[in-house]
Amino acid sequence: MSDEGGVNISLPNKVLSKQLKRKASDFLNSRKNANNLVDIIQCLEKSIGDQQNASPIIPSVLALETIFTELLKNRAMVIEVQPLKPKENSPETQYREWLQDRYGEAYQFILKCFCVDKTSDSIQALATAMNLLALEGQFPIDYVTDASYYFPCSKLRSILQCLLSADKANDHLISRFQEFTAYHDILQHSWKFLPGLTPRGQIPSETYVGNYLNLINAMPIKSAEQEQIHLLCDNNSDKGKVTFDYQAIRRNINKSWACVMHWQHTEATHQKVLMVLLERVLPHLDKPLALTDFLMDSLDAGGAISLLAFQGVFTLIQEHNLTYPFIYEKLYSMFEPEIFHTKFKARLFYLADLFLSSTHLPEALVAAFVKRLARLTLVAPPQDIVICLYFIGNLIIRHPGLKRLICHPHGGQVTRDPFIMDECDPTKSYAIDSSLWEIAALQNHGIPSIATAAKFISNPLPTIEWDLTQVLGVTEDDLFDQAIKKSSKAAFLTIDRPTSMFVPRGDRTQEFWKLF
């Protein structure tokens, strides 16, 4: 037994870390120091309960990881059971049972560290939990034959339960857990457990829904064709028996997503549902057309939600033959000044470019989009003005008949503009009878890049469209830097020619100081 007693958690971090390392080393060197393990576990328990005083947690977690890493590698907790024979009740067996109990107790306290406020502590607890899970898979505590593959399912399930907290947002932990989903065994078992961790018959909290969606988004969905299987719990067994079942994962995705669709969502979770649906889940659903009602209702929500829903509708139209007769009217209504203040505006231009890519569209319809974009350039942020101008140019190149908007006889006469900005039906907005006086006005803009871009209507149009993927990356800082680079070559950096290494001539410091 150890004669040093417990551990004082009020010690400085470095002193406490050294003391715990010494206790861990003494425990591993001699069974006489068995109580050291109890002291370290109690130290972690006290640190978790004393978070108001910011008690250190990482030293205790690392000490426990050091101890159980050695115990697992040395198989010091394995109790061999021979078939048809009762388990021996020897002191050695009792000691190994005691170690198993302490291992389970310590692991539960490590999982409780996920909920602490300090980010570094919770991330270290997750890393330790996953490291111990990997070692237990390689060196199982339960007695198994060397040829069989073992995975500690209960450990992973407990980790997922802690990640799906209903009280604390675990974005940082889920981001760290994503690194482990590169292993096929972690990925397969995580998707296997996820439907069972989904609440049914009750409305989960907004925090839980956010963690749930973040976890789905963090787990990649790989196809069945895999060149090589990578395992975290690799115990040198026959890997040919370990398979990656994509169809099983797909079934679990559909079960999980069916529950998500029945939850009541706030504006924040509604937006996140659409993002995860579009970027992760939609290609793997068995009945994607069942989402039609949800997407149609989302189209009326406005803002970023409508835009994301519109992308989902476009996918259903393009890949699943969905019919939506008012798709262009809905796209037209999304071009409002508010769209420039959302982070999804690039998606809108991308989708609009796809919808307006056909050269067989009525010119009156395309002219309405051109005119609406031109009107929005008067109120849009500088970087978005450039995007709108290039997009308008591409539409005119794509539909040569729209050149009449540039050479219209009423061009420049703002008071006689027949365009109706508030008209919901683009074909009834009289845009085809209007002119692009807005772009002509932008040629006198104070930002050189905008004024230059607006001059395309005064020059012969190119035969090849501009690449919008490059323009969509332009920011206000880029425009400012470009203007500075153009004008800095002509600017004087100093007024007086320097005559020494010190201050320039006429500086006030020369009246009071003599510099050598």
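No experiment lies behind these values; they were computed from the predicted model shown.

Asks: Before we go on, may I ask you to explain the environment of Gly 49 in this structure?
Replies: By the secondary structure assignment, Gly 49 is in helix α2 (residues 35-49). Looking at Gly 49, the relative accessible area reads 69%, which means it is exposed.

Asks: Looking at this structure, how should I read helix α6 (residues 153-163)?
Replies: Given 3.6 residues to a turn, an α-helix orients residues that are three or four positions apart in the same direction. Among all positions in α6, only Lys 155, Leu 156, Ser 158, Ile 159, Leu 160, Cys 162 and Leu 163 are buried. Against the buried residues of α6 lie α4 (91-112), α5 (119-138), α7 (171-177), α8 (184-193) and α9 (206-218).

Asks: Help me understand the state of the cysteines in this model?
Replies: Put plainly, two cysteines are in a disulfide when a covalent bond ties their sulfur atoms together. Inspection of every chain in the model, using the stated rule, returns zero disulfides. The thiol sulfur of Cys 113 is not disulfide-bonded, and the nearest other cysteine sulfur, from Cys 115, lies at 9.1 Å. Residue classification places Cys 113 among the buried positions, given a relative accessible area of 0%. Free cysteine Cys 115: the closest other cysteine sulfur is in Cys 162, separated by 6.3 Å.

Asks: Is there a simple way to think about the side chain of His 270 in this case?
Replies: Among the secondary structure elements, His 270 is positioned in helix α11 (residues 267-281). For His 270, a relative accessible area of 16% gives the class buried. Once residues lying within four places of it in the same chain are set aside, the contact partners of His 270 are His 265, Phe 294, Ser 298 and Ile 305.

Asks: Please clarify how the packing of α11 against helix α13 (residues 303-320) should be interpreted in this entry.
Replies: How two helices pack is summed up by the angle between their axes together with the distance between the axes. Close contact between α11 and α13 brings their axes to 10 Å; oriented N to C, the two are set at 25°. With respect to each other, α11 and α13 are oriented roughly parallel. Note on packing geometry: the crossing formed by α11 with α13 is left-handed. Contacts from Glu 267, His 270, Gln 271, Leu 274, Met 275 and Leu 278 in α11 reach Ala 304, Ile 305, Leu 308, Ala 309, Gln 311 and Gly 312 in α13. The residue makeup of the contact of α11 with α13, split by class, is seven nonpolar, four polar and one charged.

Asks: Mind showing me how you'd approach the pattern of salt bridges here?
Replies: Pairing between side chains becomes possible if they bear opposite charge and their charged atoms approach one another. Taken as a whole, this structure holds 18 salt bridges when the rule is applied. The salt bridge partner of Glu 438 is Arg 375, with a shortest N-O separation of 2.9 Å. Pair noted here: Glu 438 is in helix α18 (residues 437-442) and Arg 375 is in helix α16 (residues 363-376), with a separation of 63 residues, a long-range link. You can call Glu 438 buried: its relative accessible area is 0%. Classification of Arg 375 by relative accessible area gives partly exposed; the value is 21%. Among the charged side chains, a network of salt bridges with common partners joins Lys 371, Arg 375, Asp 417 and Glu 438.

Calculation criteria
- Within each chain, residue numbers correspond to sequence positions counted from 1 in written order.
- Confidence filtering applies because this is a predicted model: local features only for residues at pLDDT of at least 70, side-chain atom pairs given and counted only at 80 or more, and all residues used for totals across whole chains, interfaces and linings.
- Side-chain measures here rest on the full set of heavy atoms in the structure, leaving out hydrogens and waters.
- Think of it this way: any DSSP run of H or I at least four residues long counts as a helix, any run of E at least two long counts as a strand, and we number them from the N terminus.
- Relative accessibility under 20% of the residue-type maximum defines a buried residue, over 50% an exposed one, and the middle range a partly exposed one, all with a 1.4 Å probe and only protein chains included.
- Any two residues having at least one pair of non-hydrogen atoms within 4.5 Å are treated as being in contact.
- To count as a disulfide, a pair of cysteine sulfur atoms needs to be within 2.5 Å.
- Axes, fitted as lines to C-alpha atoms, cover a helix only where it is in contact. Angles between the N-to-C directions of the axes lie from 0 to 180 degrees.
- For classification purposes, an angle smaller than 35 degrees is called roughly parallel, one larger than 145 roughly antiparallel, one from 65 to 115 roughly perpendicular, and anything else oblique.
- Put simply, a crossing is left-handed when the front helix is turned counterclockwise from the back one by less than a right angle, and right-handed when it is turned clockwise.
- Note on residue categories: nonpolar means Ala, Val, Leu, Ile, Met, Phe, Trp, Tyr, Cys or Pro, charged means Asp, Glu, Lys or Arg, and polar means any other residue, Gly included.
- By salt bridge we mean one thing: a side-chain nitrogen of Lys or Arg within 4 Å of a carboxyl oxygen of Asp or Glu.

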